[in-house]
Amino acid sequence: MTDVELMKRMLRAVLAANKSGPGVSLSRLQSEYKALTGEQIPHKQMGHASLDTLLHSIPSVVHMERNRTGEMVCFASVSSETAHVAKLVARQRTSKKTGRPQMVNCQIRVKPAAPLILNGRVCVSVGKVLILPTNFKENAVSGKPKPHHYPKDYNPSPGGNYNPQQVQGRIREVLNKYSNGFWVSKLPQLYRELYKQDLPSEAIKDLEHWTHICTVEKPCSSNPNELLLYPAKEPTQTQTPSPVPTRVQYPTSTAFTPSMDIKQKLGELLVKYSNGLWAHALPKLYLDTYKTKLPEHVLENLSLLSDFCTVDYPMPDNPKRAILYKRTREENHNRRESVEERRAREEVGSRLSTQTVPPLLIPREEYPSVLVGEAANTNGVILRYIGEGYSQAQEALEDKMREFYCCQDNNTRTRDKKSGTPLASLTSGQLAAVRTEEDEEILRAQVTEVMADKVKVYYVDHGFSEVISKANVFELHEKFFNLPFQATKCQLAGLEPFCQEPAVLKKFESMTSGKILLAEILERGQTSLVVLYDTSQDDDVNINAACIKSLQDKTLASPLQVNSAYMNVAVRSVCSDGTFYCQLPSRGLAKLTEILEKAEAYFHSQGTSEFLVSRPFCGKGCLARYKGKWSRVEITNLHGSRVLDILFIDLGVQSSVEVIELREVPPPFLWDLIAIPPQVVKCCLADLTVSGVGSWTPEAVQWFRDAVLNSTDCSVKIAKLDETKRSVAHVYLFPDKNFQDPARSLNRQMYISTSQFLNPTQCGISCRCANSPFLWGCNRFQRCFNKVLSKSNQIIFFTWPNRKGQNMDIYVSVACHPGHFVVQPWRDMYKLVVLMEEMILYYNKTEEKPLKGEKNQIYAAKVENNWHRVLVKGVLTNGLVSVYELDYGKYELVSGTQLRPLIQEFRLLPFQGITAQLAGVKLRQWSEEASILFRNHVEKKPLVAQLEAVQDAHHPWDRKLTVFLVDTSQEERDIWVHDIMAEFADELTKEV
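What counts as what
- Residues numbered from 1 in each chain as written.
- Predicted model: local features only at pLDDT ≥ 70, side-chain atom pairs only at ≥ 80, totals over all residues.
- Heavy atoms only, no water.
- UniProt positions renumbered as here; feature names shortened; annotations may be inferred.
- Pairing = 2+ DSSP bridges.
- Helix = DSSP H or I, 4+ residues; strand = E, 2+ residues; numbered from the N terminus.
- Axes fitted to C-alpha atoms, helices over the stretch in contact; angles between N-to-C directions.
- Parallel < 35°, antiparallel > 145°, perpendicular 65-115°, else oblique.
- Contact = heavy atoms within 4.5 Å.
- Nonpolar A, V, L, I, M, F, W, Y, C, P; charged D, E, K, R; others polar.
- Buried < 20%, exposed > 50% of the residue type's maximum accessible area, 1.4 Å probe, protein only.
- Core = buried A, V, L, I, M, F, W, Y, C linked by side-chain atoms within 4.5 Å.
- Salt bridge = Lys/Arg side-chain N within 4 Å of Asp/Glu carboxyl O.
- Phe/Tyr/Trp six-rings, centres within 6.5 Å; stacked < 30°, edge-to-face > 60°.
- Lys NZ or Arg CZ within 6 Å of the ring centre and 35° of its normal.

The protein appears in an unreviewed UniProt entry as Tudor domain-containing protein 7B from Oncorhynchus kisutch. The Subcellular location (unreviewed entry) comment attached to the protein in UniProt states, word for word, "Cytoplasm".

Printed below as a string of structure tokens:
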């Protein structure tokens, strides 16, 4: 079958499901086609400038019409070849009472393995047309794997109102709990106990077809009407219905030849199972039959069994899933290789055994750049690392290969003498150099299937497969074996239960196509566990989290309509900039409350220790307690391995907790909780605009909180929706259900309450209704928390060595030049880490009480995501404060709203940052070159400091040490930094 014929057949399969419906819009056709095949319609390769012209050229397959709105819609053309398919699909559609046809068996996108159908037959499931090989027959023998197919008369439960996807998810959870299996007759009772609902009777009938969820088995001796239900150990054949019975021979890793005894026994087993035998079932079957173990390396070298059996790989991306068939005498006769073929195969095997490609090393950096390739599911995403030693080395290698194998002379292609002729004999698993047919590139590839005049290859540096002419395959020269294969697999963290969901895969493809991303590597291995980020926008986008959000049911979101009023609104959080988060009554909130109550009861019955979060990462969803109840949270930041920041997504409350306070979502509630969008709306008071830095004064914030925080009887009226600012709703807020009188709104009352002690005209605000909260910068603002700040003198001093010549291990946190740097005592660094974790937990959990900073006073300040002990050096009129980090020696500008009183508990550890200057050099105005040289030698490094002098002072941050710095990291000798600087200064003097 040609590529065009294959495309036509797959296009008919896409359109057949909509034959009696409204058709498929032209704009949606590509995505529908790709959902089935894994590829877009290749109109350019078929000589058409656009998809539209290609479709017009094949009227026997598709005809197009414009609907009432003017949109072009594609319909399947009825032919003798497709008439029976159309009738069957139409009959299945009309058998449904309401809604669109239920999509069966499409958890994963299918990609044609090759443009060839071998003895295939068309088999229809609702919504999809699957092309399956005819040798995929049901096997009734107990214990034998079943390459599954749907019979032509199969129509899964046409009636009823049950949701198959929900029931499948729940049955999966039941099977996870009873992993050893149970009688099917017990399923309704278990289902009712867990979910307080009756199991739909239609689901019992459909169980045997849900092979990606469970395995239904009839025991040999028992009631013939009883069936056993087991969890599906691995994705089954029905999950990845390959249009082609691909026979891919994967490369062998060792030179192993099974003994004749093993081959004979395996042959005997295959004779018994003439319809095929799954390879992963061999060890148990072999052990049961012959009472001896099958050598493990047999499964790792299935291609070496090809002299007496046929090895089929129905899932090309998974070499561990293979089906073995006993070869007939006729096939054996046809398969006898010539002496030349055998010699060529042995030569290739010998060459491959001596040529090794080094393994790909994962980059050392925490966030390497990557380019995503194919993704059949999120557990096996193909990607390539970008940068020096990876993509750059690959480009250089391919340039050399192009020069080695090809040259152009007078627009006529000629082969370089060095490259030789195309390979005469090809073997599955062989490495080769391949000339691509489209862009004339020369790439490294591995042969996966050998056909009559073509060969299927996998491009080991790019991560995709292609069928090409044998004339384009050349021997790979040994000098091109040095670079590791660049295409590697990764697994997306947090998406394991949803790895094959169509919505997830569609979202993932839309967010990663053609983009270079950052990968946070959580676990390094052959298939690394990663979180991907798109950093091309103003804010970094967590792709893993975005893919999970694609599963949300938008009908369960909080209702938001302009000019609508809502009662029984709960205000859950008030921020320092005047924005607040509230919960509106909705179907989603009611469902969320019900599920969380069930989860609470589940934890009480099961215990929570087994649900501890073992691998936290940004964007992960889990549960944490808020005011004694379990609530949904998302991890937003990690502070080491113990403390992390979280967001209560249904409350709008940010907090910091220890990782032991988090719990995984129990499996029975995972899918339901994922489907519910966050039940909180970000709001601001309508008609109030704040200029400047946009922060309210502490009085305004506190007044607002006292008025509405945690009240559940408020009312809001939506004035407008601001989609440009992360969907902020501008509202009129009322403290009770009476929202008819505008004068009773909090918008109005705030001005009346706060204007008693502040003049809004002095604060740079504007307000259409003359009511406003207030900004920093008002001269009449009085300082707060005097009692707490009065403890600022209770500082414990750090005891440094005070005798000249004493040595101490230190860490240089900041280095400006030899005349000014900051050191920390190495022995107490762990204490500082613990202190900062405790500060994060304390200040992110306590009620926000901002204060106005005063010069030369000590506070706690939030700098980025950490809390630091700081000294205020200056207060600016725009609300920003200049602070000095007392433990690190850095100067920062922070918003005044990020200051908090430094409680006594956090004053016990002496301030760790001590100012110092380098001994052994003359004081001078250091040049930029000298400063850079000094910084490169000492900053962010552990060194030894030898005390020369101490300049004491009343405040610890004013003390200054004069020290020699010694780098002792080299075994041969110690490096005295002052010698380097003195030598550099002498060189500069000579040049002058």
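Draft legend 1. Inspection of the sheet that holds strand 2 (residues 62-66) at higher detail. The antiparallel open sheet is built from 3 strands, whose spatial order is 1-3-2. Looking at strand neighbours, the two that pair on one side only are strand 1 (24-25) and strand 2, the edges of this open sheet. Both strand 2 and strand 3 (residues 72-76) contribute to a ladder of 5 bridges, which runs antiparallel. Each bridged residue has a counterpart across the sheet, and for Arg66 the counterpart in strand 3 is Met72.

Draft legend 2. Expanded view of the packing of helix 5 (residues 164-177) against helix 6 (residues 187-195). Contact geometry for helix 5 and helix 6: axes closest at 11 Å, N-to-C directions at 100°. Comparing their axes, helix 6 and helix 5 come out roughly perpendicular. Contact residues: helix 5 offers Val167, Arg170, Ile171, Glu173, Val174 and Lys177, while helix 6 offers Leu187, Leu190, Tyr191, Leu194 and Tyr195. Its residues assigned to classes, the contact of helix 5 with helix 6 comprises 8 nonpolar, no polar and 3 charged.

Draft legend 3. Region of interest: the side chain of Ser655. Residue position: Ser655 is located in strand 30 (residues 653-658). With relative accessibility at 10%, the residue Ser655 sits in the buried group. Contacts of Ser655, omitting those with residues within four sequence positions, involve Leu644, Asp645, Ile646, Phe648, Asn844 and Lys845.

Draft legend 4. Representation of the nonpolar core. In this structure, Leu492, Phe508 and Leu532 are the most contacted members of the largest nonpolar core, which totals 41 residues. With 7 residues, helix 16 (residues 587-606) is the single largest residue contributor to this core. Sequence-distant contacts of Phe508, defined by excluding residues within four places in its chain, comprise Val372, Ala375, Val381, Leu492, Leu532, Ile543 and Cys547.

Draft legend 5. Just the pairing of strand 22 (residues 516-523), in detail. One ladder, built from 3 bridges, connects strand 12 (residues 369-375) with strand 22; its direction is antiparallel. Its bridge partner lying in strand 22, Leu371 is registered against Ile516. Sheet analysis places strand 22 next to strand 23 (residues 527-534), joined by 5 bridges and oriented antiparallel. Residue Leu518 lies in a different strand from strand 23, and its bridge partner there is Tyr533. Counted along the chain from strand 22 to the antiparallel partner strand 23, the turn is 3 residues long.

Draft legend 6. Here's a closer look at the pattern of salt bridges. Enumeration according to the criterion identifies 22 salt bridges in this entry. For Arg444, the salt bridge identified is with Asp461, shortest N-O distance 2.8 Å. You can see Arg444 sitting in strand 17 (residues 442-450) and its partner Asp461 sitting in the loop between strand 18 (454-459) and strand 19 (464-469), a full 17 residues away along the chain. Residue Arg444 is classed as buried on the basis of its relative accessible area of 1%. Taking relative accessible area as the criterion, Asp461 reaches 1% and is therefore assigned buried. Where Glu837 meets Arg642, a salt bridge forms, and the shortest distance between an N and an O atom there is 2.7 Å. Note that Glu837 is positioned in helix 21 (residues 829-845) and Arg642 in the loop between strand 28 (629-639) and strand 29 (643-648), a separation of 195 residues in sequence.

Draft legend 7. Main features of helix 17 (residues 667-675). Among the 9 residues of helix 17, 7 are classified as buried, and the element is accordingly described as predominantly covered. Turning to helix 17, its buried residues number three or more, namely Pro668, Phe669, Leu670, Asp672, Leu673, Ile674 and Ala675. Structurally, helix 17 contributes buried residues whose contacts are with helix 5, helix 6, helix 15 (543-549), helix 16 and strand 28.

Draft legend 8. Local environment of the packing of aromatic side chains. Using the criterion set out here, one finds 25 aromatic pairs in the structure. Here Phe603 and Phe611 contribute two aromatic rings whose centre-to-centre distance is 5.5 Å and whose plane-to-plane angle is 65°, an arrangement assigned as edge-to-face. In this structure, Phe603 and Phe611 share a single accessibility class: buried. Through a chain of ring-to-ring contacts, three or more aromatic side chains come together here, namely Tyr602, Phe603, Phe611, Trp630 and Phe669. Taking NZ or CZ as reference, Arg924 lies 4.9 Å from the ring centre of Trp926, over its face.

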